[in-house]
Amino acid sequence: MRIIRYIEDSRVVLAAMTDDHTVYPLPFADLMDVVREAKKNQLSVFRYIQTIISGKQGMKKELVELHLLVPIVAPEVWASGVTYEKSRDARNYETSEKIDGQETCYDRVYHAERPEIFFKSTAARTVGPNDPVYLRSDSNWQIPEPELGLVITGEGEIIGYTIGNDMSCRDIEGENPLYLPQAKIWKHSCAIGPAIRLAETVDDPYNLQIICRIYRNGQLVVEESANTRQLKRRYDELVSFLFRDNEVFDGTVLLTGTSIVPPNQFTLEDGDRIEIEIPEIGVLSNPVKATVKQTVVNK
Ligand code: DO4
Ligand code: MG
């Protein structure tokens, strides 16, 4: 079962979509309201939704027929880094910090007990399906990072899985790892969606295929895939580090890192379209838009 949000007649609708693609609007504004109500009724989220929709007439729909929004207005999006060998190798390729024969910070974090976890986005910077992700105007090497996202409660329970795009500037991070926030956070630099698959309806979250396709002028220019079985960490391990002495809000999304990196000579361009698919969740599709360079005058 998947949870979606969409606009219909100028109203935002929260809905459950069953595996036969029947959509049932839910009498709640937000998935976290459903989670809280399910707890009160001592039912799992899936069972609680089943009691709500039983006997109701849903409507058969494909996701592409709906005006989808982010499936949850995540107050914060955090991200894990260098959790896959492929990401470690890509970071080592782009970094100017390497010295022959010596380990880089990326080699060390890949093996360390403490994972890399960084702040990625706020609700205002995060876009949903079909909204444009933006390119930074001060970077010449930008890529999408297709990632599985964990949707978590303020108590650290993983209630669902979504797709995330951790847009990244390889040149800015490569110049100096301390530039990470600038390589990762700007307006529209994070996309999530198109749906949240309830965790209890996923057979094996360590066996999810992730596919990324990038189109330029309508032509497929990049197609790569990976599987979450290649992840070096466990999801609960990543969540437990995020929670260390931290206040984490209901509906936070924690991205789990990328194992898909386009060829090194590739950079995104204005007008490209990125598709990230996890078959159990759907396809997150976003056009790419260049940001117009702004000059800020210091007063
Ligand atoms: O170390 C930089 C971040 C890497 C990252 O975002 C990833 O591995 O997905
Ligand atoms: Mg990433």
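Residues numbered from 1 in each chain as written. Chains lettered and ligands numbered in written order. Predicted model: local features only at pLDDT ≥ 70, side-chain atom pairs only at ≥ 80, totals over all residues. Heavy atoms only, no water.

Would you take a moment to explain the overall build of the protein for this structure?
Broken down by element type, the protein carries seven helices and 19 strands. On C-alpha atoms alone, the protein measures out to a radius of gyration of 19 Å, which is about the 19 Å that the 2.2 N^0.38 rule sets for 299 residues. Of the contacts made within the protein by residues no fewer than 6 positions apart, 73% connect residues no fewer than 24 positions apart. Split by element, the accessible area of the protein, about 14100 Å² in all, is 47% carbon and sulfur. (Helix = DSSP H or I, 4+ residues; strand = E, 2+ residues; numbered from the N terminus. Rg over C-alpha atoms; globule rule 2.2 N^0.38 Å. Contact = heavy atoms within 4.5 Å. Areas by Shrake-Rupley, 256 points an atom, 1.4 Å probe, with all protein chains shown as cover.)

Where do I start with unusual backbone geometry in this structure?
Trans is the prevailing form of peptide bonds, just as negative phi is the prevailing case for residues other than glycine. Here the residue pair glycine 193 and proline 194 is connected by a cis peptide bond, since its omega of -5 degrees sits within 30 degrees of zero. Tracing the sequence through the fold places proline 194 in strand S14 (residues 190–198). Although it is not a glycine, aspartate 9 sits at a positive phi angle of roughly 50 degrees. Within the secondary structure layout, aspartate 9 lies in the loop between strand S1 (2–8) and strand S2 (11–17). Its relative accessible area of 69% is what places aspartate 9 among the exposed residues. (Buried < 20%, exposed > 50% of the residue type's maximum accessible area, 1.4 Å probe, protein only.)

Help me understand the packing of helix H1 (residues 31–40) against helix H2 (residues 45–53), please; the structure alone is not making it clear to me.
The description of two packed helices rests on the angle between their axes and on the distance between the axes. With their axes 9 Å apart at the nearest point, H1 and H2 run at an angle of 95 degrees to one another. Judged on the interaxial angle alone, H2 and H1 are roughly perpendicular. Residue-level contacts link Leu31, Val34, Val35, Glu37 and Ala38 of H1 to Val45, Tyr48 and Ile49 of H2. In terms of residue class, the contact of H1 with H2 is made up of seven nonpolar, no polar and one charged. (Axes fitted to C-alpha atoms, helices over the stretch in contact; angles between N-to-C directions. Parallel < 35°, antiparallel > 145°, perpendicular 65-115°, else oblique. Nonpolar A, V, L, I, M, F, W, Y, C, P; charged D, E, K, R; others polar.)

What should I look at first to understand the coordination of the magnesium ion (ligand 2) in this one?
Each pair of donors in an ideal four-coordinate tetrahedral metal site encloses 109.5 degrees, whereas pairs in an ideal six-coordinate octahedral site enclose 90 or 180 degrees. Distances from the magnesium ion (ligand 2) to its protein donors, Glu145 (OE), Glu147 (OE) and Asp166 (OD), fall within 2.0 to 2.1 Å. Mapped onto the sequence, the donors of the magnesium ion (ligand 2) take the spacing E-x1-E-x18-D. In this pair, glutamate 145 sits in the loop between strand S10 (142–143) and strand S11 (146–152) while aspartate 166 sits in strand S12 (residues 158–166), placing the two residues 21 residues apart along the sequence. For the pair formed by glutamate 145 and aspartate 166, the shared burial category is buried. (Donors = N, O, S within 2.8 Å, 3.2 Å for Na, K, Ca; no water.)

Help me understand the site of ligand 1, please; the structure alone is not making it clear to me.
Within the structure, ligand 1 sits among 16 residues, and Val82, Ser87, Glu116, Glu145 and Lys184 are positioned closest to it. One of the side-chain N or O atoms of lysine 184 is found 2.8 Å from an oxygen atom in ligand 1. Here ligand 1, which alone exposes 280 Å², has 100% of that area covered by the protein. Put simply, the parts of the chain that give the shell around ligand 1 at least two residues each are strand S6 (76–81), helix H3 (85–94), strand S7 (116–122) and helix H6 (180–184). Here the residues of the shell around ligand 1 are counted per class, giving four nonpolar, five polar and seven charged. (Near = heavy atom within 4 Å. Polar contact = N/O pair within 3.5 Å; in protein donor to acceptor, adjacent residues only side chain to side chain.)

Is there a simple way to think about the pairing of strand S16 (residues 219–227) in this case?
Within a regular strand, the side chains alternate between the two sheet faces. Pairing of strand S15 (residues 209–216) with S16, which is carried by eight bridges, proceeds in the antiparallel orientation. Within S16, the position partnered with arginine 216 by the bridge is glutamine 219. The turn joining S15 and S16, which pair antiparallel and follow one another in sequence, is formed by two residues; a positive phi near 50 degrees is taken by asparagine 217. (Pairing = 2+ DSSP bridges.)

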